[in-house]
Amino acid sequence: MASDAVTAQLSDTAKTDELRAFGKVLADGKQLFVFSSPSIRCGSCIAILESELSKLENVTDVRVNLTLKRVKVTLADEEASPLGIFNRMESLGYDTVPLDITDGEKSTDVNANGRLLRALAVAGFGAMNIMLLSVSTWSGAEGSAKTLFHLISAVIAIPTVLYSGQIFFQSAYKVLRHGRLNMDVPISLAVSLALIMSVYEALTHGDVVYFDASVSLLFFLLIGRYLDHMMREKARNTINTLARRNVRGATQVTSDGQTSYLPIDEIKPDMVLQVLPGEKLPVDGQVIKGSTDIDLSLVNGESLPSPVTIGDDVMAGTLNLSGVIQLRVTKTADQSFLAEVTRMLDAAENGRGSYVRIADRMARIYAPAVHLLSFIGFVVWMFATGGDWHTSIYIAIAILIITCPCALGLAVPVVHVIGAGRLFEHGILMRDGSALERLSEIDYAVFDKTGTLTSDRLSVFDVDLKHQGDAALVKALGKHSSHPASRAMVQYFKAEPDISIEGVREVPGFGLEGVFEGKRVRLGSYKWISEVTNFDEQVSGAGIFFAREGQLPSKFSLHMEMRPDAKITLSELKSRSFPIEILSGDHQDAVANVANNLGVDNYTAQAKPADKIARINALKTEGKHVLMVGDGINDAPSLAAGHASMAPASASDVGRSAADFVFTRNNLSSILFALDTAKKSDRLIKQNFALALAYNAVAVPLAFAGFVTPLFAAIAMSASSIVVILNSMRLATARPKGEKNSPATSAVEALS
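Residues numbered from 1 in each chain as written. Predicted model: local features only at pLDDT ≥ 70, side-chain atom pairs only at ≥ 80, totals over all residues. Heavy atoms only, no water.

### A closer look at the overall build of the chain
- Counting its secondary structure elements, the chain contains 28 helices and 27 strands.
- Here the chain holds 752 residues, and the buried ones make up 53% of them.
- Sequence separation of 24 or more characterises 69% of the internal contacts of the chain that already satisfy a separation of 6 or more.
- Within the structure as shown, the chain displays about 32700 Å² of accessible surface, and the carbon and sulfur contribution to it stands at 57%. (Helix = DSSP H or I, 4+ residues; strand = E, 2+ residues; numbered from the N terminus. Buried < 20%, exposed > 50% of the residue type's maximum accessible area, 1.4 Å probe, protein only. Contact = heavy atoms within 4.5 Å. Areas by Shrake-Rupley, 256 points an atom, 1.4 Å probe, with all protein chains shown as cover.)

Okay, structure coming up:
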């Protein structure tokens, strides 16, 4: 006994070490594990796994993905063992395989397609041949000939059901072994009962057998399961596309100019990487050498490449098209833009909005309810027919099959996944499906100003040059900084000749300094510039100043550019009866100027984060469902406070993390598209619920009344799931309201 205990302990230790190899330690010290489980089939599976795994020690978060059939579990610290998770999933009857997180977001049930096709082919072959034999009995075969046809049918049906029914039987056995029920239990029971009844009748020379029904029943159930599988594959195509954007590693350039290959997990911030034409960028970074064209279709949906040069930021997953560049790493692979996009899409169907909770509750009570209903049907018909057990079992089988809740389980998550893909195609990332539900309820819009209604680009609009040649010197200094003001100056004076300035250095918070023709030159704030001008007079107004040592300074005024479609987008929102309000921390004049340009009457300047939250909460008290659109760190609390929230991709990391949606295109028309998609999704989910409930309201009474055969029940059950999926797929091709007929949206597209 002691030896057995030691052996078990050693086995557990080895298994724990094996599982740890698949985990990933997060920045906050927690561990993330991903497990694949092809046994996950419906909403009740999600509820069971999330509930049971959350009870385990050290488990801080559990997320089950129905489409990818995957479970993500976060443990409290890097020392916590994942063995308990693995054992608990197995004990609940779910096949569990740990996934290597670095392999990307891919489907875990990789053999399901071939397995389903083989089972479907065998069932189809068996059903066809048994149907031919059944024709003979229907045509009047009697006596020994009829018995022979029945026995031949049995020889075909038994191996066919045993092989093709494995998919249902194995799933049912696993959950029954652990004292649970799922939707494959009644299906397995129905097919088995039909086969056993038929074998009994064939061996006892009975008049009626159901071999054709049992095998055909299995055939149509497999058709439904295969089509369901294919629809899910289509729904997760966007995530699979992102998985192909991942790279395994990159070429590092060391301080002595040597190059070496590094696996993606070993790439750290401040490392220098070299990316050749045709290679995908492995991580987020800033270009420090070279220039090229980048395919940004992943980021903003645009097909035209974007030129990048020294000082420009680049994102993981984008494609280097034309030149060799070197970039300084700013984020690790698991913190990159590509990782953020993948996580948001992965979470799209995991939201726990009211629709999902309704579907989960209904799916959870299905299994016990359907068995009870089937038993009641059997008992009622036994009394009604005076003990005719053939008819009674036949009706019980039909009830078992026809009441499958697949349609209810698919009503919400498929719409959410397709909606996430639809938004992604238009440069909008969605954090979870419940956000789409909340966005459909919006009736009030609040905007931050800086970085939201205005872009993050500065432009020069007023120039006061004091000396000839100052413009070329400003351009030469500005090239040595990636500061937005410096970039704006370089762009404004791009036609000026290139000259060389010695010893250029950037002084954080002040500006740039160098030496030209033996004298200091500075570009920056007036107070700093005045140290070299030898002039005491004050220059009125804010701005950027340039001066050569001992000379009068030149002055440049800059302002943030308005997003090109801001006015059109806000006008469209107002035409849809959305009240608009601007809450900004900027000074009064700047906010008033933007509000007047955009035709917004309701605005607040110099608003602190607490002021924004207070205003949003006041609107909630009035019964408003507020959409908050912002970008800065100071906007994060108000983004979280809104009923739904959006942020541009240029927003701070904190702002993006707090927002429900992130739009990557440089225009606000994404808001209109997201609102239209949310409204369409809401309608489709309601339609799916209506279709699923209408099906059960009609089908169950008919089956109970004896008007539905098991074969027809199988067709009807499969058809109900397929109809719900096909209805959801309409979202993938539909043109949201306003995209086709709205002049405002057409104008926005032209500007884009």
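Alright, that's what it looks like, and here's the rest.
### Considering the pattern of salt bridges
- Enumeration over the complete set of coordinates arrives at 17 salt bridges.
- Linking Asp-676 and Arg-576 is a salt bridge whose minimum nitrogen-to-oxygen distance equals 2.8 Å. A residue pair is termed long-range when its members are at least 10 positions apart, and Asp-676 in helix H26 (residues 669–704) and Arg-576 in the loop between helix H21 (566–575) and strand E23 (580–583) qualify at 100 residues. Arg-576 matches Asp-676 in its accessibility class, with the two residues each being buried.
- The structure contains a network of salt bridges with shared partners spanning Arg-505, Glu-513, Arg-522 and Glu-531. (Salt bridge = Lys/Arg side-chain N within 4 Å of Asp/Glu carboxyl O.)

### A word on the packing of helix H6 (residues 166–177) against helix H7 (residues 184–203)
- Where H6 meets H7, the closest approach of the two axes is 8 Å, and the angle between their N-to-C directions is 120°. Here H6 lies oblique to H7, going by the angle between them. Judged by the twist between their axes, the crossing of H6 over H7 is left-handed. Counted together, Ile-167, Phe-168, Phe-169, Ser-171, Ala-172, Val-175 and Leu-176 of H6 and Asp-184, Val-185, Ile-187, Ser-188, Val-191 and Ser-192 of H7 form the full contact between these two elements.
- A breakdown of the residues in the contact of H6 with H7 according to their chemical character gives 9 nonpolar, 3 polar and 1 charged. (Axes fitted to C-alpha atoms, helices over the stretch in contact; angles between N-to-C directions. Parallel < 35°, antiparallel > 145°, perpendicular 65-115°, else oblique. Left-handed = near helix turned anticlockwise from the far one by under 90°. Nonpolar A, V, L, I, M, F, W, Y, C, P; charged D, E, K, R; others polar.)

### Observations regarding the packing of aromatic side chains
- For the structure on display, the rule yields 4 aromatic pairs.
- Considering the side-chain rings of Tyr-526 and Phe-545, the 5.1 Å spacing of their centres and the 65° angle between planes classify their relative orientation as edge-to-face. Residue Tyr-526 is located in helix H20 (residues 526–533), and its partner Phe-545 is located in strand E21 (residues 544–548); the two are separated by 19 residues in the primary sequence.
- For Phe-545, a relative accessible area of 2% translates into the label buried.
- Linked through ring pairs, Tyr-492, Phe-493 and Phe-556 together constitute an aromatic cluster. (Phe/Tyr/Trp six-rings, centres within 6.5 Å; stacked < 30°, edge-to-face > 60°.)

### Focus on the nonpolar core
- Among the nonpolar cores identified, the biggest contains 43 residues, and Phe-211, Leu-221, Leu-222, Ile-397, Ile-401 and Ile-402 are the most heavily contacted of them.
- Counting residues per element, the ones that place at least two in this core are helix H4 (112–138), helix H5 (143–164), H6, H7, helix H8 (211–235), helix H14 (389–402), H26 and helix H27 (710–733).
- If we skip the residues at most four places from it in the chain, Leu-222 touches Leu-116, Ala-119, Leu-120, Ala-123, Ser-164, Ile-167 and Phe-168.
- Membership of the second largest hydrophobic core comes to 36 residues, among which are Ala-435, Leu-453, Ala-566 and Phe-663. (Core = buried A, V, L, I, M, F, W, Y, C linked by side-chain atoms within 4.5 Å.)

### Re H26
- In this model H26 runs 53 Å from its N-terminal to its C-terminal C-alpha over 36 residues, within 8% of the 52 Å that 1.5 Å per residue would give.
- Remark: Gly-706 follows H26 within two positions and exhibits a positive phi of approximately 90°. (Expected span 1.5 Å × (residues − 1).)

### Things to note about the sheet that holds strand E15 (residues 428–430)
- Strand order in the open sheet formed by 7 strands is E15-E27-E26-E25-E16-E23-E24, with mixed pairing between adjacent strands. Both edges of this open sheet fall to E15 and strand E24 (603–604), since each of them pairs with a single strand only.
- Summarising the sheet, strand E16 (residues 444–447) and E23 pair through 3 bridges and their orientation is parallel. Bridging from a neighbouring strand, Ala-445 pairs with Ile-580 of E23.
- Contacts from helix H23 (residues 609–621) reach E16, E23 and strand E25 (626–629) within the one sheet, and its direction differs from that of E23 by about 160°. (Pairing = 2+ DSSP bridges.)

### Thoughts on the sheet that holds strand E10 (residues 292–295)
- Taken in spatial order, the 3 strands line up as E11-E10-E13 in an open sheet, and their pairing is antiparallel. For this open sheet the edge positions go to strand E11 (306–308) and strand E13 (319–320), each flanked by a neighbour on one side alone.
- Direction of pairing for E10 relative to E11: antiparallel, over a ladder of 3 bridges. When the bridges of E11 are listed, Asp-293 appears paired with Pro-307.

### Description of a nonpolar patch on the surface
- A cluster of nonpolar side chains, contributed by Leu-372, Phe-375, Ile-376 and Val-380, occupies part of the molecular surface with about 360 Å² of accessible area.
- Among the structural elements, Ile-376 can be located in helix H13 (residues 366–384). (Patch = residues over 30% accessible without salt bridge, like charges linked within 9 Å, V, L, I, M, F, W, Y side chains within 5 Å.)

### Regarding the packing of H14 against H26
- Running from amino to carboxyl end, H14 crosses H26 at an angle of 170°, the nearest separation of the two axes being 8 Å. Relative to H26, H14 is oriented roughly antiparallel. Along the contact surface, H14 presents Ile-395, Ala-398, Ile-399 and Ile-402, while H26 presents Tyr-695, Asn-696, Ala-699, Val-700, Ala-703 and Phe-704.

### Digging into unusual backbone geometry
- Here the phi dihedral of Asn-58 falls at roughly 75°; this positive angle occurs in a residue that is not glycine.
- Along the polypeptide, Asn-58 turns up in the loop between helix H2 (43–54) and strand E3 (59–65).
- Accessibility expressed as a relative area gives 33% for Asn-58, which makes it partly exposed.

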